[in-house]
Amino acid sequence: MSNPSTGPSSKPRAGISQLSETSFKRKRGVFQKELQHMMYGFGDDPNPLPESVALMEDIVVEYITDLVYKAQDIGSKRGKLSVEDFLYQIRKDLPKLNRCNELLSMNEELKQARKAFETDEEKLRKAFEADEEKLGPTEG
């Protein structure tokens, strides 16, 4: 019989858990408030047990860490990590993929709106300065 811990699929996983336990000790409770609100939004008590929140945090952090390592493996083949690497990882989970695409699209719209606002603000400032120069010094 073969030992499952020596298989190619379990080897990186062991490395990841070793890294997280040794060199990447994280602060617990960083996402506590957000998770409490999310748990309440999904039907839990308004003040869930601290143990439940801690367990949820462990699950979420483990999921995200695993996702990042997998995306990093894909990105390292090209030499850089990109958003597409993450989208590739969640391609089979359509609700997540659709939500990510929606958030990315909204982020792009916000960037364009900020850019337009900054451009308009800069034009107004220049126009105001030009008007002041035409009027000359004001007493006040």
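Residues numbered from 1 in each chain as written. Predicted model: local features only at pLDDT ≥ 70, side-chain atom pairs only at ≥ 80, totals over all residues. Heavy atoms only, no water.

**A word on the overall build of the protein**
Part 1 of the reasoning: A tally of helices and strands in the protein yields 5 helices and 0 strands.
Part 2 of the reasoning: When the helices and strands of the protein are placed in sequence order, the string is α-α-α-α-α.
Part 3 of the reasoning: Put simply, the protein has 140 residues, and 13% of those count as buried.
Part 4 of the reasoning: Contacts spanning at least 24 positions in sequence make up 35% of the contacts within the protein whose residues lie at least 6 apart.
Part 5 of the reasoning: In the structure as shown, the protein presents an accessible area of about 12,000 Å², 59% of it carried by carbon and sulfur atoms. (Helix = DSSP H or I, 4+ residues; strand = E, 2+ residues; numbered from the N terminus. Buried < 20%, exposed > 50% of the residue type's maximum accessible area, 1.4 Å probe, protein only. Contact = heavy atoms within 4.5 Å. Areas by Shrake-Rupley, 256 points an atom, 1.4 Å probe, with all protein chains shown as cover.)

**Quick look at helix H3 (residues 50–78)**
Part 1 of the reasoning: In this model H3 runs 42 Å from its N-terminal to its C-terminal C-alpha over 29 residues, within 8% of the 42 Å that 1.5 Å per residue would give.
Part 2 of the reasoning: Within H3 the residues assigned to the buried category are Val53, Glu57, Val61, Asp66, Leu67, Ala71 and Gly75.
Part 3 of the reasoning: Note on H3: the residue one or two positions beyond its end, Gly79, has a positive phi of about 100 degrees. (Expected span 1.5 Å × (residues − 1).)

**Let's talk about the packing of aromatic side chains**
Part 1 of the reasoning: The full count for this structure, using the stated rule, is 0 aromatic pairs.
Part 2 of the reasoning: Above the face of the Tyr88 ring, Arg91 is positioned so that its terminal group lies 3.9 Å from the ring centre. (Phe/Tyr/Trp six-rings, centres within 6.5 Å; stacked < 30°, edge-to-face > 60°. Lys NZ or Arg CZ within 6 Å of the ring centre and 35° of its normal.)

**Considering the packing of helix H2 (residues 32–41) against H3**
Part 1 of the reasoning: It is at 10 Å that the axes of H2 and H3 come closest, and there the two elements cross at 100 degrees. Here H2 lies roughly perpendicular to H3, going by the angle between them. Residues Gln32, Leu35, Gln36 and Met39 of H2 lie in contact with H3, whose contacting residues are Ser52, Val53, Met56, Glu57 and Val60.
Part 2 of the reasoning: A per-class count over the contact of H2 with H3 returns 5 nonpolar, 3 polar and 1 charged. (Axes fitted to C-alpha atoms, helices over the stretch in contact; angles between N-to-C directions. Parallel < 35°, antiparallel > 145°, perpendicular 65-115°, else oblique. Nonpolar A, V, L, I, M, F, W, Y, C, P; charged D, E, K, R; others polar.)

**Some thoughts on the pattern of salt bridges**
If charged atoms from side chains of opposite charge come close, those side chains can pair.
Part 1 of the reasoning: Following the criterion strictly, the structure yields 7 salt bridges and no others.
Part 2 of the reasoning: One salt bridge in this structure joins Arg28 and Asp58, with 2.5 Å as the shortest N-O distance. With Arg28 in the loop between helix H1 (10–22) and H2 and Asp58 in helix H3, the pair connects residues that are 30 residues apart, well separated along the chain.
Part 3 of the reasoning: When its relative accessible area of 59% is taken as the criterion, Arg28 is described as exposed.
Part 4 of the reasoning: The class of Asp58 is partly exposed, set by a relative accessible area of 28%.
Part 5 of the reasoning: Put simply, Glu102 and Arg99 hold a salt bridge, and the shortest N to O gap is 3.5 Å. Here Glu102 pairs with Arg99, and both are found in helix H5 (residues 94–135), just 3 residues apart, close to one helical turn.
Part 6 of the reasoning: The exposure class assigned to Glu102 is partly exposed, which follows from its relative accessible area of 39%.
Part 7 of the reasoning: Owing to a relative accessible area of 43%, Arg99 belongs among the partly exposed residues under this scheme.
Part 8 of the reasoning: One salt-bridge network, held together by shared partners, links Glu122, Arg125 and Glu129. (Salt bridge = Lys/Arg side-chain N within 4 Å of Asp/Glu carboxyl O.)

**Topic: the UniProt feature "coiled-coil region" (unreviewed entry) in the protein**
Part 1 of the reasoning: Residues given the UniProt feature "coiled-coil region" (unreviewed entry) here are residues 100–127.
Part 2 of the reasoning: Secondary structure across residues 100–127 comprises 100% helix and 0% strand; the distance between its end C-alpha atoms is 40 Å. (UniProt positions renumbered as here; feature names shortened; annotations may be inferred.)

**Concerning the environment of Ile90**
Part 1 of the reasoning: Relative to the helices and strands, Ile90 is located in the loop between helix H4 (83–89) and H5.
Part 2 of the reasoning: For Ile90 and Cys100, which are 10 residues apart along the polypeptide, the C-alpha to C-alpha distance reads 9.3 Å.
Part 3 of the reasoning: Once residues within four sequence positions are removed from consideration, Ile90 is found in contact with Tyr63, Leu67, Lys96, Leu97 and Cys100.

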